[in-house]
Amino acid sequence: MEKKLKGEKVKVKIVDMADSGAGIGKDEGFAVFVPGAITGDVVTAELTKVKKNFAEGRLISVDEPSENRAEPFCPAIGECGGCPFGVMKYDAQAEVRKKHLSDKLQRIGGVETAGITGDTVTMEYPFRYRNKAVMEITAGGLITLKGGIQKNAGEPAIGFHRRKSHDVVDCGDCMLQAPTVAAAARAVREFMISDNITAYDPKWEKGLMRHMMMRTAFGTGEVMAVFVINGKGIPGAAKLIEMLDEAIYELPPGPGGIEYSLESVVISRKKGNGQGSVFGDEFVTLAGSPVIHEHIGGLDFEISPASFYQVNPVQMEKLYDIAADFAGGEKGLAGKTVLDLYCGVGSIGLWFARKGAGNVVGIESVKDAVIDANRNAVINGIVNARYICGKAEEVLPKLAAGEEVGGITLERADIAVLDPPRAGCREELLDAVAAAGVKEIVYISCDSGTLSRDVKYLSGLGYVLTKAVPVDMFPHTAESEAAALLERV
């Protein structure tokens, strides 16, 4: 095989999809990753990076389109990095997600998935499903216009990063977000222009407005706006709040006739270009409440700016019902003690308590989320769920050893629900789960690779994977979610 060169054009048939959403083609056995291409396409690509065994390419043309190719639903697809599956029919996306989960469980987890991996749980309407958006504010970017993308170097841009770039694609609208997001972004742009409010420039570490986060409660219509700023406050904040309130009030009702209302405006101060969270160390409420209220699945939740809460409430109900069914449903949960690890605002533990769990003990490292979780238990009249602040891998071993932590002791643990971040679980935590005598583990994962790695490790502790199902929490994106059940032999 001749050596491939950067800049060379190749014609390949796409035979698979990468986790990133790029199509994978083969040229004389040489793998070529092509963003924007999907399985079944025959494409021409220009090689942009060449390694020993693979290359990355820029899509030049789709010479023979796949039968699963769909018309893009957004002019920013291909520029914005958010929807790499946005040119693929939705049922074909579901097949890719199932294949990715099955392949990784076999290759990394060492599991034979026949009869274990179920079909992807999809959405009836796979748009407008996100209840949270975090957008960058910059002095110009790539603005989304009908028919394409144009440079906008002057006015502030509010949106998401271009694929593999720090350029910002201005969010004229995003079909994945609640309509409150675009309305708020328009109001903020107008405010910044009218009042000469600067956007943050990371090169010089100058400028005020850095990020905007929007949270929208689908069950109540309550909206929270959080602004990350490089300063003490926002000049003319009262005017900004009024403009936001008016923009959101003018929106038509959402699904079920829910009226949207701005209930919380918060700032978070952050200096410099430090890595990690886009937020500063604290949140200060400018107007309204420090939390918004959500109602879903018969439960009420208070959500603060830093709290983890599933971003797709429609699929969250399906995901949590699957998790509860994995644990035996109401009959299987009756009287059982459930560990809710990485519990966020306590949503899944309270779901299990409502389904009949005898006792729920949750552990979460974010203090504000733990406060929310305990408050949510009180709001819903659930007296058998308690939450501890701390790292799960540090707190659980102490509880398993009989120590009291935060006024809580653990007599026994029947079921553990693991809902870790993308990096998965630390081995110390999995050891502690096994040491606590847990018989069943319900694992909710946002990364099938780390799920498979942890399944492999748990097999050495006596657990066997018996069920796994992908749940499409993030249609059109490369993000994945799955629920799995492991049982102790």
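Residues numbered from 1 in each chain as written. Predicted model: local features only at pLDDT ≥ 70, side-chain atom pairs only at ≥ 80, totals over all residues. Heavy atoms only, no water.

Colleague: Help me understand the overall build of the protein, please; the structure alone is not making it clear to me.
Modeller: Within the protein, the secondary structure is distributed over ten helices and 23 strands. Computed over C-alpha atoms, the radius of gyration of the protein comes to 24 Å, within 12% of the 23 Å expected from 2.2 N^0.38 for 489 residues, which places it in the range of a compact globule. Taken along its principal axes, the extent of the C-alpha atoms in the protein is 65 × 60 × 40 Å. Going through the 489 residues of the protein one by one, you find that 53% of them count as buried. Of the contacts made within the protein by residues no fewer than 6 positions apart, 63% connect residues no fewer than 24 positions apart. Averaging the coordinates of the 55 positive side-chain charges in the protein and doing the same for the 66 negative ones gives two points 5 Å apart. (Helix = DSSP H or I, 4+ residues; strand = E, 2+ residues; numbered from the N terminus. Rg over C-alpha atoms; globule rule 2.2 N^0.38 Å. Buried < 20%, exposed > 50% of the residue type's maximum accessible area, 1.4 Å probe, protein only. Contact = heavy atoms within 4.5 Å. Lys, Arg positive; Asp, Glu negative; His and termini not counted. Charge placed at Lys NZ, Arg CZ, Asp CG, Glu CD.)

Colleague: What is the right way to look at the nonpolar core in this model?
Modeller: Soluble globular proteins tend to bury their nonpolar side chains together. Val188, Met209, Met212, Phe227, Ile234, Leu244 and Phe352 are the most contacted members of the largest nonpolar core, which totals 105 residues. A total of eight residues in this core trace back to one element, the largest contributor, which is helix α2 (residues 179-194). Residue contacts for leucine 244: discarding those within four places in its chain leaves Ala184, Ala187, Val188, Ala225, Phe227 and Leu262. With 39 residues, the next largest nonpolar core counts Ile116, Ala413, Ala432 and Tyr443 among its residues. (Core = buried A, V, L, I, M, F, W, Y, C linked by side-chain atoms within 4.5 Å.)

Colleague: Hey, could you run me through the sheet that holds strand β17 (residues 337-341) in this one?
Modeller: Across a sheet, paired strands are connected by hydrogen bonds in the backbone, their directions being either parallel or antiparallel. Sheet architecture is open: seven strands sit in the order β19-β18-β17-β20-β21-β23-β22, paired in mixed fashion. Since the sheet does not close on itself, it has two edges, and those belong to β19 (385-389) and β22 (463-470), each with one partner. With strand direction ignored, the average angle separating the axes of adjacent strands in the sheet is 15 degrees. Where strand β20 (residues 415-418) lies against strand β21 (residues 440-445), four bridges are found, and the strand directions are parallel. Residue pairing for β21: valine 417 is matched across the bridge by valine 442. This element, helix α9 (residues 427-435), spans β17, β20, β21, β22 and β23 (482-488) of the sheet and lies at about 160 degrees to β20. (Pairing = 2+ DSSP bridges. Axes fitted to C-alpha atoms, helices over the stretch in contact; angles between N-to-C directions.)

Colleague: What should I look at first to understand the side chain of threonine 138 in this one?
Modeller: Tracing the backbone through its elements, the reader meets threonine 138 in strand β6 (residues 132-138). When residues no more than four places from it in sequence are discounted, the contact partners of threonine 138 are Glu155, Pro156, Ala157, Val168 and Ala199.

Colleague: Is there a simple way to explain the sheet that holds strand β3 (residues 30-34) in this structure?
Modeller: One closed barrel holds the five strands; their spatial order is β1-β2-β3-β5-β4, and the pairing between them is mixed. On average, each strand axis in the sheet is tilted by 50 degrees relative to the strand beside it, whichever way the strands run. Of the strand pairs in this sheet, β3 and strand β5 (residues 54-64) are connected by three bridges, and their pairing is parallel. Within β5, the position partnered with valine 32 by the bridge is alanine 55.

Colleague: For this particular structure, what's the right way to read the layout of surface pockets?
Modeller: Leftover empty space is mapped by rolling, across the atoms, a probe with the size of a water molecule. The calculated volume of the second largest pocket comes to roughly 780 Å³. Along the wall of the second largest pocket there are 26 residues; nearest its centre are Pro35, Gly36, Gly78, Arg163 and Lys164. In terms of residue class, the lining of the second largest pocket is built from ten nonpolar, nine polar and seven charged. (1 Å grid on protein atoms, 1.4 Å probe; cavity = no way out; pocket = protein on both sides within 12 Å on 5 of 7 lines; lining within 4 Å. Points joined across faces, edges and corners; volume = space filled by probe spheres on them. Nonpolar A, V, L, I, M, F, W, Y, C, P; charged D, E, K, R; others polar.)

Colleague: I would appreciate a short explanation of unusual backbone geometry in the present structure.
Modeller: Most of the time, phi is negative for any residue but glycine, and the peptide bond is trans. Residue arginine 128 is not a glycine yet carries a positive backbone phi of 55 degrees. As for its placement among the helices and strands, arginine 128 is situated in the loop between α1 (90-107) and β6. Not every positive phi belongs to a glycine, and glutamate 205 is a case in point at roughly 55 degrees. Along the chain, glutamate 205 falls in the loop between α2 and β11 (209-216).

Colleague: For this particular structure, what's the right way to read the state of the cysteines?
Modeller: Per the stated rule, a full pass over the model turns up zero disulfides. With no disulfide of its own, cysteine 74 lies closest to cysteine 174 among cysteine sulfurs, the gap being 6.6 Å. Its sulfur unpaired, cysteine 83 is 5.9 Å from the next cysteine sulfur, which belongs to cysteine 174. (Disulfide = S-S within 2.5 Å.)

Colleague: Where do I start with α2 in this structure?
Modeller: Note: α-helices contain 3.6 residues per turn, so residues at a spacing of three or four share the same orientation. In this model α2 runs 23 Å from its N-terminal to its C-terminal C-alpha over 16 residues, within 8% of the 22 Å that 1.5 Å per residue would give. Within the span of α2, buried status applies to Thr180, Val181, Ala182, Ala183, Ala184, Ala185, Ala187, Val188, Arg189, Phe191 and Met192. Buried-residue contacts for α2 involve β6, β9 (157-161), β10 (168-170), β11, β12 (222-229) and α3 (237-249). Of the residues flanking the end of α2, it is asparagine 196, one or two places downstream, whose phi is positive at about 55 degrees. (Expected span 1.5 Å × (residues − 1).)

Colleague: What should I look at first to understand the pairing of β3 in this one?
Modeller: Remark: a regular strand shows side chains that alternate across the two faces of the sheet. Most of β3 sits out of view: four of its five residues are buried. Here strand β2 (residues 23-27) runs beside β3; their pairing, made up of five bridges, is antiparallel. Within β3, the residue paired with glycine 25 across the bridge is valine 32. The antiparallel hairpin formed by β2 and β3 contains two residues in its connecting segment, where glutamate 28 sits at a positive phi of about 55 degrees.

Colleague: Before we go on, may I ask you to explain helix α4 (residues 313-326) in this structure?
Modeller: In this model, α4 (14 residues) spans 20 Å end to end at C-alpha, consistent with the 20 Å of a helix rising 1.5 Å per residue. Taken residue by residue, α4 has Pro313, Gln315, Met316, Leu319, Tyr320, Ile322, Ala323, Ala324 and Phe326 as its buried positions. Contacts from the buried residues of α4 go to β15 (292-296), α5 (329-333), α6 (347-354), β21, β22 and β23. By the N-cap criterion, in which a side-chain oxygen at the helix start approaches the backbone nitrogen of a residue two or three places on, α4 is capped by asparagine 312, the distance to valine 314 being 3.2 Å. (Polar contact = N/O pair within 3.5 Å; in protein donor to acceptor, adjacent residues only side chain to side chain.)

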